Number of protein chains: 2
Amino acid sequence: MPAPETKDTILDAAEALFAEQGFAATSLRQLTQRAGVNLASVNYHFGSKEALVKEVLRRRIEPINAERRRRLEALDAPSLEDVVRAFLEPALRAIGHRGGGMARVFGRVTAEQPAFLREFFFEHFGALAQRFIDAMRTAAPDLDARAAWLRMHFTVGAMAHTLQSSHMLTEISGGACELGDEAELVEQLVAYAVGGLRASARAGEEQQR
Amino acid sequence: MPAPETKDTILDAAEALFAEQGFAATSLRQLTQRAGVNLASVNYHFGSKEALVKEVLRRRIEPINAERRRRLEALDAPSLEDVVRAFLEPALRAIGHRGGGMARVFGRVTAEQPAFLREFFFEHFGALAQRFIDAMRTAAPDLDARAAWLRMHFTVGAMAHTLQSSHMLTEISGGACELGDEAELVEQLVAYAVGGLRASARAGEEQQR
DNA sequence: GTCTATATCCTGATAGAC
DNA sequence: GTCTATCAGGATATAGAC
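On a predicted model such as this, the values are computed, not experimentally measured, just so you know.

Focus: the interface of chain B and chain A
Residue-level contacts link 64 residues of chain B with 65 residues of chain A. Carbon and sulfur atoms make up 58% of the surface buried where chain B meets chain A, a total of about 5900 Å² over both sides. Between chain B and chain A we count 4 salt bridges in total. For Glu171(A), the salt bridge goes to Arg118(B), with nearest N and O atoms at 2.6 Å. There are 12 residue pairs in polar contact (both at pLDDT 80 or more) connecting chain B and chain A.

Now the structure itself:
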């Protein structure tokens, strides 16, 4: 490659700023200034701000989803926990990298869902979600399709919120909840999600343990 | 009251647009045009765009949190499910109102967390969160403080995502998950959250049911 | 309280020299 | 590929007539 430096520099700066401020609130001027590149270079390399946003997301989400698929396929007669872990762990691993920047961007796009990312969203998550739903229902046959989708949705929400703002937990808990390493966070979230997915459909029927 | 009409008209239009587009992406021009009021009236009545955002949130969040407190206090020796329901139901009830506009704004602010709302956020949720943590740990004594905060965080994420984008569930599930009424959604989320909160700390120790 | 008109600044995007 | 300069328009906010 001749000089991919500028492109990657822009992507890195965009990732950090989108994490801090969101997409709409980040201007190209601010972005290129932090990256130390010329204002016009964004449009030269990416064509538009929206295309830059998509590329920032794509370069991280594609590997994460590829690993999710790979891990799901590698499982033989998986338990519900195996399936949940295959879905959550690749995404949560992103927390440990680059100061958590991409983790927060990832959480943000899940929550913010700008209109121009709608197509992108379905393209990258539609088929994958269906595959995980199928695997979950094979592992837990008494989970009907409707409940499976709802609880997958809850799980994605828990994951996205964790990715985007787990750094606030220490503060709001008054120090009662120091964040540990990412491996422990994965364990906690997997345990929570599996427990939630296994619950019987009506809370009133829950057994006390 | 002489003429609270303009103020409320602005708040209603802002709520709808913030739900659709988020805060940063919504301009005062667009907002006042939809509300059918003059551009200058926002600054006259609220002082600034940020103050308007805070007022949009405050007029909905305060009643919701007041009901949460009231319901928690009304409980005598509550089960974990009682506590979770007292927290989730008042917020989810917002889904049925005004076409779900405020539900999506509420989900958005939980996820988006713009920097200027940081103080607002701690002011409205700090003490309340502590009270619910205490109640949860009384109902489930073997839940340590750290796990309680983490799982409360997961639960808030699941709730916020449900509030903000449950309308997409039907589409991404290919029709397999039609949304029912809000009462059923409450049951599903309460069951999921209680199941998640009750799970043992390490997923590997989970009992098959 | 409501309006018009405008001040001041910032936005994404582009043309064209180098 | 990178730069300067700039376009055309939109942003928040405000001054001042009514």
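There is more to say, and it comes next.
As for the protein's contact with DNA strand C
Around DNA strand C sit 14 residues in total, of which Leu28(A), Arg29(A), Asn43(A), Asn38(B) and His45(B) are the nearest. Those atoms of DNA strand C that come within 4 Å of the protein belong to sugar or phosphate at a rate of 53%. The contact in question runs from a phosphate oxygen of DNA strand C to an N or O atom on the side chain of Asn43(A), over 3.5 Å. At the level of secondary structure, the elements contributing two or more residues to the surface near DNA strand C comprise helix 2 (28–35) and helix 3 (40–46) of chain A together with helix 3 (40–46) of chain B. For the surface near DNA strand C, the leading source of residues is helix 3 of chain B, giving 3 residues. Residue composition of the surface near DNA strand C, by class: 5 nonpolar, 7 polar and 2 charged.

Regarding helix 1 (residues 5–21) of chain A
All names here are of chain A. Between its first and last C-alpha atoms helix 1 spans 24 Å; for 17 residues at 1.5 Å apiece the expected length is 24 Å, and the two agree. Among the residues of helix 1, those classed as buried are Ile10, Leu11, Ala13, Ala14, Glu15, Leu17, Phe18 and Ala19. Taken together, the buried residues of helix 1 touch helix 2, helix 3, helix 4 (49–74) and helix 6 (101–112).

Quick word on the protein's contact with DNA strand D
Taken together, 15 residues lie around DNA strand D, and Thr6(A), Asn38(A), His45(A), Leu28(B) and Arg29(B) are the ones closest in. The contact atoms of DNA strand D, taken as those within 4 Å of the protein, divide so that sugar and phosphate hold 52%. One of the side-chain N or O atoms of His45(A) is found 2.9 Å from a phosphate oxygen in DNA strand D. Arg29(B) is positioned with one of its side-chain polar atoms (N or O) 3.0 Å from a base nitrogen of DNA strand D. The set of elements that each furnish at least two residues to the surface near DNA strand D consists of helix 3 of chain A together with helix 2 (28–35) and helix 3 of chain B. The element best represented in the surface near DNA strand D is helix 3 of chain A, accounting for 3 residues. Counted by class, the surface near DNA strand D contains 5 nonpolar, 7 polar and 3 charged residues.

What about the relation of the copies chain B and chain A?
The relation between the two copies of this chain is a rotation about an axis and a shift parallel to it. Mapping chain B onto chain A leaves a residual RMSD of 0.1 Å; the transformation is a rotation of 180 degrees accompanied by 0.0 Å of translation along its axis. Between the two chains, the operation in question is that of a two-fold axis. With an isologous cut-off of 70% or more, the 100% of interface residues of chain B that recur at the interface of chain A puts this contact in the isologous class.

Topic: the nonpolar core
A general trend in soluble globular proteins is that nonpolar side chains are found buried together. Among the nonpolar cores identified, the biggest contains 131 residues, and Leu52(A) and Leu52(B) are the most heavily contacted of them. Setting aside residues up to four positions removed in sequence, Leu52(A) forms contacts with Ile10(A), Leu11(A), Ala14(A), Leu28(A), Leu31(A), Val42(A) and Phe46(A).

So, how was this worked out
Residues numbered from 1 in each chain as written. Chains lettered and ligands numbered in written order. Predicted model: local features only at pLDDT ≥ 70, side-chain atom pairs only at ≥ 80, totals over all residues. Heavy atoms only, no water. Contact = heavy atoms within 4.5 Å. Buried area = accessible area lost by both parts, 1.4 Å probe. Salt bridge = Lys/Arg side-chain N within 4 Å of Asp/Glu carboxyl O. Polar contact = N/O pair within 3.5 Å; in protein donor to acceptor, adjacent residues only side chain to side chain. Near = heavy atom within 4 Å. Helix = DSSP H or I, 4+ residues; strand = E, 2+ residues; numbered from the N terminus. Nonpolar A, V, L, I, M, F, W, Y, C, P; charged D, E, K, R; others polar. Expected span 1.5 Å × (residues − 1). Buried < 20%, exposed > 50% of the residue type's maximum accessible area, 1.4 Å probe, protein only. Least-squares fit on C-alpha atoms with pLDDT ≥ 70 in both. Core = buried A, V, L, I, M, F, W, Y, C linked by side-chain atoms within 4.5 Å.

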